[in-house]
Amino acid sequence: MNQQKPTLYTCLSPALLNLYEVTNSIVVIIDVLRATSTIATALYNGAKNIIPVDSVAECIRLGKQIEGITAGERDGQIAEGLSYGNSPFEYPKEFINGKTLVLTTTNGTKLLHMALANGAETIITGSFPNLSAVCNYISAQNKNVILGCAAWKNRVNIEDTLFAGAVINRVKEHFNINCDSSKIAETLYEDAKGNLYEFLKVKQASHYLRLSGFGLEKDLRYCLTEDVANVLSLYKEGNLIAANNFGL
C-alpha cells in the first residue's frame, strides 16, 4: 500500500497566506529579486548567520547590539540608515565569511515573519541560485509544503511565481498537488524556462523595470541563474543558517 503523498500549495501573495494551513507545513519563502537570492549567496560565501528582521529600525538597533552588518532595502534601494543593500554582489566571500548579517527587505523578510506568526513548522528560503538545494530538501522531508511568494507589496509578481513553477516542475512526483496557483506557476515556468531574463524583459515585469531602471541588470541575471549559490537556507532560532546537513 502506497503511503499518501504530502501536499504542495503555492501562495502567490502574502495577502493570501491566511488561506493556507501553515502550522504543519514547510514554508519556502520566495523573494527572487533579490532578498532570497542574496540570502543564499551570503550563506554560500560563508556568512555565519543572517538575522531577518521586518523593520529598518529593528535592523539598526540589532546591528548595533551585536556588531553585525546592517543591510536591506526599501523599494529596491538601500534603506536610509543601513550600511549595505540587497545586492548579492555586495557579499563576496572575502567580505562576508564568518560574519553576521542583519537584513530587512520590502517583501521577503515581511513574509518570513508572517509565516512565523502563523506557526510555520519549518521555514527555508528559496531562489534560483539555490534551486536544487530547496528541491532536494523538500523532496526528502515527506511533509506538506507551501511555496510562499513574497510578491511586491502584496501584489502578485512574475519572478516569484516563476520560481515556484521551477520547484514544482522538479518535485511534483513527490507531492499531491491539487492547487490552481501551482498549475499556473508551472505553466508560466514552462513558457519562460528557455530564457528567464528575456521572459521578464519581454513581459515588462514590474520588478524587472524597477531594478533595470536602477542599472541592476547584472543583479537580475544573477538572480535568475540556477544553483550558483546552492546552499540550503534554514530558519532556526531567529537565524537563517546554511544547513545542507538535513539533520539540522
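Residues numbered from 1 in each chain as written. Predicted model: local features only at pLDDT ≥ 70, side-chain atom pairs only at ≥ 80, totals over all residues. Heavy atoms only, no water.

Before we move on, can you summarise the packing of helix H6 (residues 158–171) against helix H7 (residues 180–192) with the specific residues and values?
At a minimum axis separation of 7 Å, H6 and H7 run at an interaxial angle of 95 degrees. By the angle class used here, H6 and H7 are roughly perpendicular. Facing H6, whose interface residues are Ile-158, Thr-161, Leu-162, Ala-164, Gly-165, Ala-166, Ile-168 and Asn-169, H7 presents Ser-182, Ala-185, Glu-186, Leu-188, Tyr-189, Glu-190 and Ala-192. (Axes fitted to C-alpha atoms, helices over the stretch in contact; angles between N-to-C directions. Helix = DSSP H or I, 4+ residues; strand = E, 2+ residues; numbered from the N terminus. Parallel < 35°, antiparallel > 145°, perpendicular 65-115°, else oblique. Contact = heavy atoms within 4.5 Å.)

I'd love a proper account of the nonpolar core, names of residues and values included.
Generally speaking, soluble globular proteins have nonpolar side chains that are buried together. Within the largest apolar cluster, 49 residues are counted, with the highest numbers of intra-cluster contacts made by Ile-124, Phe-128, Ile-138, Leu-147 and Val-167. At the level of elements, strand S2 (25–30), helix H5 (131–141), strand S8 (144–149), H6, H7, helix H8 (196–202), helix H9 (206–213) and helix H10 (217–223) are the ones that each hand at least two residues to this core. Top element by residues in this core is H6. It accounts for 7 residues. Look past the residues within four positions of Leu-147 in its chain and what remains in contact with it is Leu-8, Tyr-9, Thr-10, Cys-11, Val-28, Ile-30, Ala-164, Val-167 and Ile-168. Core analysis: the second largest hydrophobic core is formed by 28 residues, Leu-43, Val-231, Tyr-235 and Leu-240 among them. (Core = buried A, V, L, I, M, F, W, Y, C linked by side-chain atoms within 4.5 Å. Buried < 20%, exposed > 50% of the residue type's maximum accessible area, 1.4 Å probe, protein only.)

Give me the lowdown on the pattern of salt bridges, citing residues and values where you can.
Counted according to the given criterion, the structure contains 6 salt bridges. Its salt-bridge partner being Glu-226, residue Arg-170 comes within 3.1 Å of it at the nearest N-O pair. With Arg-170 in helix H6 and Glu-226 in the loop between H10 and strand S9 (233–236), this residue pair connects regions lying 56 residues apart in the sequence. Note on Arg-170: relative accessible area 37%, which makes it partly exposed. On the accessibility criterion, Glu-226 (33% relative accessible area) is partly exposed. (Salt bridge = Lys/Arg side-chain N within 4 Å of Asp/Glu carboxyl O.)

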